[in-house]
Amino acid sequence: MKHCEQSTRLLSEAMERPLARGERLALRWHLMMCGACRRFERQLGWLRWLAERYVPPEPVAVGDGPARVRP
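Note that the structure is a prediction, hence the values are computed from the model and not measured.

K.L.:
Whenever I open this one, the confidence of the model for the protein chain confuses me. Can you help?
P.N.:
Close inspection of predicted coordinates is inappropriate for parts of the model with low pLDDT. Put simply, the protein chain has an average pLDDT of 87, and 86% of its residues get 70 or more. Confidence scores differ between elements of the protein chain, with helix α1 (residues 2–14) showing the lowest mean pLDDT of 92 and helix α2 (residues 21–33) the highest of 95.

Below, the structure written as structure tokens:
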């Protein structure tokens, strides 16, 4: 499992920085053999795609919300 831990760390880091040649080669070799890490790589891509398209809701000023009816 040590290889999977290293591979998932490298997959995460690859989103933030270019990997060194040795890191890329080791990662690609591991991904050829490990379906779980390939799945994790696809999930990271999906999460990144969603995060890039996220639009935060507009802030609502106090008092602009729906009126509350007291019983």
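Alright, that's what it looks like, and here's the rest.
K.L.:
Please explain the state of the cysteines as it appears in this structure.
P.N.:
What we call a disulfide is simply a covalent bond connecting the sulfur atoms of a pair of cysteines. Going through the model one piece at a time under the given rule, you end up with zero disulfides. In this structure C34 is not part of a disulfide, and its nearest cysteine sulfur, from C37, lies 3.6 Å away.

K.L.:
What exactly am I supposed to notice about the environment of E41 here?
P.N.:
Mapped onto the fold, E41 is located in helix α3 (residues 35–53). The exposure class of E41 is partly exposed, given its relative accessible area of 27%. Taking the C-alpha atoms as reference points, E41 and S12, separated by 29 residues in sequence, lie 8.5 Å from one another.

K.L.:
Help me understand the pattern of salt bridges, please; the structure alone is not making it clear to me.
P.N.:
Two side chains bearing opposite charge may form a pair once their charged atoms approach each other closely. If you walk through the whole model with that rule in mind, you get six salt bridges. We note a salt bridge from E13 to R9, for which the minimum N-O separation is 3.0 Å. Linking E13 with R9, this pair stays in helix α1, spanning four residues, or about one helical turn. When its relative accessible area of 40% is taken as the criterion, R9 is described as partly exposed. The residue E13 makes a salt bridge to R17 at a minimum N-O spacing of 2.5 Å. Taking the relative accessible area as the measure of exposure, R17 reaches 31% and is therefore partly exposed.

Conventions and cut-offs
- Residues numbered from 1 in each chain as written.
- Predicted model: local features only at pLDDT ≥ 70, side-chain atom pairs only at ≥ 80, totals over all residues.
- Heavy atoms only, no water.
- pLDDT = per-residue confidence, 0-100.
- Helix = DSSP H or I, 4+ residues; strand = E, 2+ residues; numbered from the N terminus.
- Disulfide = S-S within 2.5 Å.
- Buried < 20%, exposed > 50% of the residue type's maximum accessible area, 1.4 Å probe, protein only.
- Salt bridge = Lys/Arg side-chain N within 4 Å of Asp/Glu carboxyl O.

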